[in-house]
Amino acid sequence: MRIFFPTICFALCILFIPSLKAQVNVQFIHNTPSSPIDVYIDGEKVIDGLGFRSISEYIELEENTNYNLHLSLHPSTSPDQAFHFSEFNSLNAFWGDRIFFLNGLIGHPQIPFSLHFSFVPPLATGSKILFVHHGVPDVPGIRVNVRDQFNYSSNVPFGGSTDVYPLTFFQGDPAIFDIRVSGSSEVLGSYIVNFEDVGDQSIYLFTSGLKNPEDSVYEHGFFGASPDGNVVEFEELPGPEVQFIHNIPNTTIDLYAGEEKIAEQLSYKSATPFLKFHRGGGYSISLSVNSRDSIPAIIETFNLGMQSGYHYVAILNGIPDDDSFPLEMKVFQEYERQSARDRVNLLVFQGSTTVPKADIGFFDPVEDRVLVINDFETGDFDGQFSFPPLEFTISAKASSHSDEVAEVWELPLQMWNNQSIVVVFTGSEEREEHSRGIYVILEDGTMVPLDLATSIAEIKKTNSMGIYPVPANQYINVSLPSQEINGEILIMVFSTEGHLVKKVSVDHKAELVRLETGDLPTGTYIIGLISEDGVRTESFLIKR
């Protein structure tokens, strides 16, 4: 008989040498509104006084082993004082670490205490992950959306967690997480998550607190815990802010948000300041025409899908009882209220009911084109454009009338430097009391009608500068006007996108100034001449 001695030795080793078990890491997150908690495993206190919204250090356990878990209110001296007892198996290390979430309310009959856990899968060295745990007990389920990126999870029940994603999956830092109540449009909260706040490691996000707390200490919030025991509370975005502009002829209206009156006796060609709305979504705006009656006569209701942290411009447009121009609320989303330094932001709206399509141009004082919006349809927005604070003009005419002489309005942007404004083309060519015009709306609701210039020809008569050669290549010569200019003259060159590319100061006695343009790319530029006597602008072309 042939005996394989090495095989027998190996078999004996398997039988008589105890197998070595791998270690499993366990952490606890205290997410039940209560006093600190003591944690006992197999009768031994392993955590002493874990505070609300905090995470424990790692606890090492053997894999595939049954353990007894006791939870007691701090301070405690024995597991016999526990308010919760359960058994758990550490399972195979293959599944990774386990995060236990202490949820619910201790001793509450409707929202009892509950224990939930999530797995953190083993990661390659240097890898980091993220998941979201739902821990608000009076909200049965949530939907998690990462704004402008993707829908993270369609429904997460209380005590559940989303799928695990690598942090590299998320584009941009910070990200905005919108937490919505499942089965409704209600937003529980919108939060700015800055991944740098938790350092170079994984992060376990969790909702916490109560939607309807009796104590403000336990209001809901959004938190991030990391394996090193750090917990960060993320900033909740404020509710949306909206400016309403009334562009409905022959009506004076009140505005209601739900049953609350938010604007009273708003007349045609007027506006509100930016109004703050609550967080939570579900925004319904109604128009009423009789403010003095106890029961408002609602003529139209609009539902706005607004998000926390954003600013909106909403323009009421149309004609009552006219099917050709039905009442509507046109909304511009993500309105930027902060302009760059020495810039003016322009949002343009076409609101004329008798000009279905218009050509609207922004010109300098000698009719050199800067920007033209062609075939601009009624009810549309364009912009926001960033312009230098110079003395512009606006022309407007019907797109279908190629031979029509455009009306021209003065646009003194220097009056609104470092601001954002809304420019509205409105009115009718059929009714004198609602004649066509252009209005500027400021953030506080002030509406400024622009002055109408007599004609483009009259504008051309103003003193202007001369620029040559055009098109330019390596330089331009600027011939300065000789009349009525005193003091220092500031020459500024802007791209058509509004970026300042050159700036020089010259004495008022100078007659000719040479500007080097070899460092500027091909394109159209605006040159502004600024002195104590006013502003003059020209445009010129660089071509190579």
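One can find the structure itself at the top, above this paragraph.
A.B. asks: Explain the pattern of salt bridges to me, using residue names and the numbers behind them.
C.D. replies: If charged atoms from side chains of opposite charge come close, those side chains can pair. Enumeration over the complete set of coordinates arrives at 15 salt bridges. The salt bridge involving Arg337 is made with Glu241; its shortest N-O contact spans 2.8 Å. Taken as a pair, Arg337 in the loop between β28 (328-332) and β29 (344-350) and Glu241 in strand β20 (residues 241-247) lie far apart in primary sequence, 96 residues in all. Relative accessible area serves as the criterion here: at 23%, Arg337 is assigned to the partly exposed category. A salt bridge links Lys330 to Glu328; its shortest N-O distance comes to 3.7 Å. Here Lys330 falls in the partly exposed class, since its relative accessible area comes to 26%. Each of Asp38, Lys45 and Asp48 takes part in salt bridges that share partners, so that together they form one network.

A.B. asks: Tell me about the pairing of strand β22 (residues 260-266), residues and numbers included.
C.D. replies: Pairing of strand β21 (residues 253-257) with β22 involves four bridges; the strand directions are antiparallel. Note on β22: the bridge partner recorded for Ile253 is Leu266. Following β21, the chain reverses through two residues before pairing antiparallel with β22; Gly258 in that reversal takes a positive phi of roughly 65 degrees.

A.B. asks: Can you lay out the sheet that holds strand β12 (residues 150-157) for me, pointing to particular residues and giving the numbers?
C.D. replies: Within the open sheet, the five strands sit side by side as β12-β11-β14-β15-β19. Their pairing is antiparallel. Whereas interior strands pair on both sides, the edge strands pair on one side only; in this sheet they are β12 and β19 (235-236). Relative to β12, strand β11 (residues 141-146) runs antiparallel, the two sharing five bridges. Bridge pairing in β12 places Gly141 opposite Pro157.

A.B. asks: Can you tell me about unusual backbone geometry, naming the residues and giving the values?
C.D. replies: At the junction of His74 and Pro75, the peptide bond is cis and its omega measures out at 0 degrees in the coordinates. With respect to the helices and strands, Pro75 occurs in the loop between β6 (66-73) and β7 (84-89). In this structure, Gln384 follows Gly383 across a cis peptide bond, with omega equal to 15 degrees. With a phi close to 60 degrees, Leu91 is a non-glycine residue in the positive phi region. Structurally, the position occupied by Leu91 is in the loop between β7 and β8 (97-103). Leu91 gets classed as partly exposed once you look at its relative accessible area, which sits at 30%. The backbone of Asp342 shows a phi angle near 55 degrees, a positive value even though the residue is not glycine.

A.B. asks: Let's hear about the environment of Thr446: which residues, and what values?
C.D. replies: Structurally, Thr446 is set in the loop between β36 (437-441) and β37 (447-449). Classification of Thr446 by relative accessible area gives partly exposed; the value is 35%. When sequence neighbours within four positions are dropped, the list of residues in contact with Thr446 reads Val440 and Ile441. In this structure the side chain of Thr446 is engaged in a polar contact, spanning 2.8 Å, whose partner is the side chain of Asp444.

A.B. asks: Could you give an account of the packing of aromatic side chains, naming the residues involved and the relevant values?
C.D. replies: For the structure shown, the criterion picks out 28 aromatic pairs. When the ring of Tyr67 is compared with that of Phe88, the centres are 5.7 Å apart and the planes differ by 25 degrees; the resulting orientation is stacked. Residue Tyr67 is located in strand β6, and its partner Phe88 is located in strand β7; the two are separated by 21 residues in the primary sequence. The class of Phe88 is buried, set by a relative accessible area of 8%. On the numbers, 6.5 Å between centres and 85 degrees between planes, the contact of Phe332 with Tyr335 is edge-to-face. Across the pair, Tyr335 and Phe332 agree in class, each one buried. Connected via pairs of aromatic rings, a cluster forms that spans Phe28, Tyr67, Phe88, Phe94, Trp95, Phe100, Phe117 and Phe119. The aromatic ring of Tyr310 is capped on one face by Arg147, whose charged end is 4.7 Å from the ring centroid. One cation-aromatic arrangement involves Arg514 over Tyr475; the distance from NZ or CZ to the ring centre is 3.8 Å.

Here is what the cut-offs are and how they apply
- Residues numbered from 1 in each chain as written.
- Predicted model: local features only at pLDDT ≥ 70, side-chain atom pairs only at ≥ 80, totals over all residues.
- Heavy atoms only, no water.
- Salt bridge = Lys/Arg side-chain N within 4 Å of Asp/Glu carboxyl O.
- Helix = DSSP H or I, 4+ residues; strand = E, 2+ residues; numbered from the N terminus.
- Buried < 20%, exposed > 50% of the residue type's maximum accessible area, 1.4 Å probe, protein only.
- Pairing = 2+ DSSP bridges.
- Contact = heavy atoms within 4.5 Å.
- Polar contact = N/O pair within 3.5 Å; in protein donor to acceptor, adjacent residues only side chain to side chain.
- Phe/Tyr/Trp six-rings, centres within 6.5 Å; stacked < 30°, edge-to-face > 60°.
- Lys NZ or Arg CZ within 6 Å of the ring centre and 35° of its normal.

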